[in-house]
Amino acid sequence: MNRKQLIKKYIEFFKSKDHKEIQNASLIPENDPTVLFTTAGMHPLVPFLLGEKHPQGKRLVNIQRCIRTVDIGEVGDIKHHTFFEQMGNWSIGDYGKTDAIKYTFEFLTASLKIPLNKLAASIFEGNSTSPKDKESYSILLELGLPEERIAILDKNENWWGPAGKTGPCGPDSEIFYWISEKPVPKTFDYKNENWMELGNNVFMEYNKDSKGNLLPLKQKNVDYGGGFERMLAILEGHNDNYMTEAFKQIIQKIEQLSNKKYEDYKKEMRIIADHIKAATFIIADGIIPGNSEQGYVVRRLIRRAIKFKKELEIKESISKIAKPIFKIYNDYKHLEKNKKQILKELKQEEDKFEKTLEKGLKIFEKITKNKKEISCKDAFLLYQSYGFPIEMTIELAKEQKIKVDETGFKKECKSHEELSRTASAGKFKSGLADNSEQTKKLHTACHMLNEALRVILKNPDIHQKGSNITPERLRFDFNFDRKLTDEEKQKIEDLVNKKIQEKIPIEMEEMPLDKAQKSGAQGIFDDKYKEKVKVYSIGNFSKEICAGPHAKNTSELETFKIKKEESSSAGVRRIKAILK
Ligand code: SER
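Residues numbered from 1 in each chain as written. Predicted model: local features only at pLDDT ≥ 70, side-chain atom pairs only at ≥ 80, totals over all residues. Heavy atoms only, no water.

Requested: an account of the overall build of the protein, with residues and values cited.
A count of helices and strands for the protein gives 18 helices and 18 strands. With the C-alpha coordinates aligned to their principal axes, the bounding extent of the protein is approximately 70 × 65 × 45 Å. Burial status across the protein gives 57% buried among its 580 residues. In the protein, the share of contacts with a sequence separation of at least 24, taken over all contacts with a separation of at least 6, comes to 70%. For the protein, the centre of its 102 positive side-chain charges and the centre of its 88 negative side-chain charges are spaced 3 Å apart. (Helix = DSSP H or I, 4+ residues; strand = E, 2+ residues; numbered from the N terminus. Buried < 20%, exposed > 50% of the residue type's maximum accessible area, 1.4 Å probe, protein only. Contact = heavy atoms within 4.5 Å. Lys, Arg positive; Asp, Glu negative; His and termini not counted. Charge placed at Lys NZ, Arg CZ, Asp CG, Glu CD.)

Put into structure tokens, the structure is as follows:
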């Protein structure tokens, strides 16, 4: 079975169980305050898991492109990636554990014909906050798994989420497959690497708040997530994700350019293939390599790939390695559409790094000669003058069993006001959209700002290019090619504040996408799956397609204040604003 057939099979299976296919969303989360990337299919669904009504109903399915950089150190083995596709199906307050597990098993054993004898599962053993998951245990037995193949494990193993500090979470039941040629052991041992996790049903019944309390959700949800590349490997009969259709052509390209065999350089080739693929997809979603946030992640991925490329003595550009990615993923239309730009960015970043890399490596050798630790000053020198991401310095140092003064480095950055560059790396660990009253208000303020910009700058072609909300502030990107004057900023503020004072109720209506478009609503219209969308209106002032949630009335917003207006990238400006 090939990649496209597997996608089709999965989606069709869940459609036959009354699920609606939802969009494979951008890797850059919309209106999600504290995460840099979409790390699981559930990210774009957070508001709905917390209780918002989803316009497409309570049963959803998709394949979602994801970036998880927490696993970057694991990349190099058979099954870890920074970019991967996730198979996801959801019950948004609809079916429960029994049906979820039945669907998972039916898909695996009946639809994909995976022998039951090669499967095992785990369930949550219970603790003081959440009881033992007896329901999942019984259904697994009923489906034919023997007791010895069901592990009952603690919170470290069988609890998922929240993805960050706050958000939906709950106990989960995981499913495993025996990947080895050796006979399947009678008893399941989750520590045995030959049992590979295929996916998990997370029973999202709690919301963790910022104080760490687990609050029961209004509704019980199920969030299934499965590793697409792993499944493909099993179906294609490979014991290595990098041998599947999702990677093969990239690996072959690397073999060809390096004149070396995959057999001899598995780790290096896997890292290069993975990182270039991730960088390609992130750039395709509108990010360019840079020194902060997502841009810094792309930079790190590209630079790390270049380091390994050097080890394989590849002379040609990484953009050559990226080419097969467009063939493998030709179902992602935005990839092909932005191909030229993506290849250009990869090449440019490489050229930039090449200029300093050789020199930097020489300096590195000098610095480390007869030393046990790299000082913060030297690490900072490598970073600032030679463009070495700190992670790369650490990695190089590790190879020589040398330590790096990381704490000192961070302090050094801070004193150079460069903290944002490194702090971004830590952001993956923080929280998801929290749906708090304050973020709802700021979200409404984003819609008002969006409209105010068009009115005051007298330009109907201004649109949102991105946004990010934390409980403290909103950040809004829009297309415009010059700095705003103080007078313009004042007028924008005044208009938003006028609308706040008018105490306008915010209304939501569901309608088909084309109707929303005809009504003049702002939003993205190339979404082929949306039969029904939510449109939020603020009187006659603003109308936008949006998932919500929002404030109920503009009066809740009090006072709107612009704190900063700056360039974000070519032709894109960025406003940071607060509510007082
Ligand atoms: N959110 C869970 C995961 O990513 C299940 O989808 O594993």
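Please give an account of the sheet that holds strand 18 (residues 572-579) that cites residues and values.
If you trace the four strands from one edge of the open sheet to the other, you get 12-13-18-17, paired in antiparallel fashion. Single-partner strands in this sheet number two, and they are strand 12 (464-469) and strand 17 (560-569). The sheet shows a mean angle of 20° between the axes of neighbouring strands, taken without regard to direction. (Pairing = 2+ DSSP bridges. Axes fitted to C-alpha atoms, helices over the stretch in contact; angles between N-to-C directions.)

For the site of the ligand, give the residues involved together with the corresponding values.
Every residue near the ligand is listed here: Ala40, Met42, Arg68, Gln86, Trp160, Asn200, Val202, Asp223, Tyr224 and Gly225. Between the ligand and arginine 68, the relevant distance is 2.8 Å, taken from an oxygen atom to a side-chain nitrogen or oxygen of the residue. When isolated, the ligand has an accessible area of 230 Å², and the protein chains bury 95% of it. Taken together, the residues that form the shell around the ligand break down as five nonpolar, three polar and two charged. (Near = heavy atom within 4 Å. Polar contact = N/O pair within 3.5 Å; in protein donor to acceptor, adjacent residues only side chain to side chain. Areas by Shrake-Rupley, 256 points an atom, 1.4 Å probe, with all protein chains shown as cover. Nonpolar A, V, L, I, M, F, W, Y, C, P; charged D, E, K, R; others polar.)

Just give me the short version of the packing of helix 7 (residues 266-284) against helix 8 (residues 293-311), but keep the residues and values in it.
Axis separation between helix 7 and helix 8 bottoms out at 9 Å; the angle between their running directions is 150°. Comparing the axis directions of helix 7 and helix 8 gives the class roughly antiparallel. The hand of the helix 7/helix 8 crossing is left-handed. Judged by residue contacts, Glu268, Ile271, Ile272, His275, Ile276, Ala278, Ala279, Ile282 and Ile283 of helix 7 engage Val298, Leu301, Ile302, Arg304, Ala305, Phe308, Lys309 and Glu311 from helix 8. Each residue belonging to the contact of helix 7 with helix 8 can be placed in one class, and the counts come to 12 nonpolar, one polar and four charged. (Parallel < 35°, antiparallel > 145°, perpendicular 65-115°, else oblique. Left-handed = near helix turned anticlockwise from the far one by under 90°.)

Before we move on, could you go through the side chain of asparagine 200 and cite the residues and values that matter?
Inspection of the secondary structure puts asparagine 200 in strand 8 (residues 195-208). Residue classification places asparagine 200 among the buried positions, given a relative accessible area of 9%. In this structure the side chain of asparagine 200 is engaged in a polar contact, spanning 2.9 Å, whose partner is the side chain of aspartate 172. Other than its neighbours up to four places away in sequence, asparagine 200 contacts Trp160, Asp172, Ser173, Glu174, Asp223, Tyr224 and Gly225.

Account for the pairing of strand 15 (residues 533-538), with residues named and values stated.
It is a general feature of regular strands that their side chains alternate between the two faces of the sheet. Along strand 15, six of the six residues are buried, which leaves the element largely enclosed by surrounding structure. Both faces of strand 15 are covered, namely the face carrying Val533, Val535 and Ser537 and the face carrying Lys534, Tyr536 and Ile538. Summarising the sheet, strand 14 (residues 506-511) and strand 15 pair through six bridges and their orientation is antiparallel. Considered in strand 15, the bridge of methionine 511 is made with valine 533.

Give a description of the pattern of salt bridges that names residues and reports values.
Applying the stated criterion across every chain yields a total of 36 salt bridges. Of the charged contacts in the structure, one is a salt bridge between aspartate 486 and lysine 489, with a shortest N-O distance of 3.7 Å. Placement of the pair is aspartate 486 and lysine 489 together in helix 17 (residues 486-501), with a separation of three residues, close to one helical turn. Residues joined by salt bridges that share partners form a network here, namely Arg304, Lys307, Glu311, Glu395 and Glu399. (Salt bridge = Lys/Arg side-chain N within 4 Å of Asp/Glu carboxyl O.)

Provide a residue-level description of the packing of helix 7 against helix 11 (residues 339-368), including the pertinent values.
Axis separation between helix 7 and helix 11 bottoms out at 9 Å; the angle between their running directions is 125°. Between helix 7 and helix 11, the interaxial angle falls into the category oblique. By crossing handedness, the relation of helix 7 to helix 11 is classed as right-handed. Between helix 7 and helix 11, the residues in contact are Ala279, Thr280, Ile283 and Ala284 and Ile342, Glu345 and Leu346, respectively. Class assignment of the residues belonging to the contact of helix 7 with helix 11 gives a composition of five nonpolar, one polar and one charged.

Provide a residue-level description of the environment of lysine 320, including the pertinent values.
Mapped onto the secondary structure, lysine 320 falls in helix 9 (residues 318-328). In sequence terms lysine 320 and isoleucine 254 are 66 residues apart; their C-alpha atoms lie 9.0 Å from each other. In this structure, lysine 320 is in contact with Lys253 and Leu257, ignoring residues within four places of it in sequence. A distance of 2.7 Å separates the side chain of lysine 320 from the side chain of glutamate 316, its partner in a polar contact.

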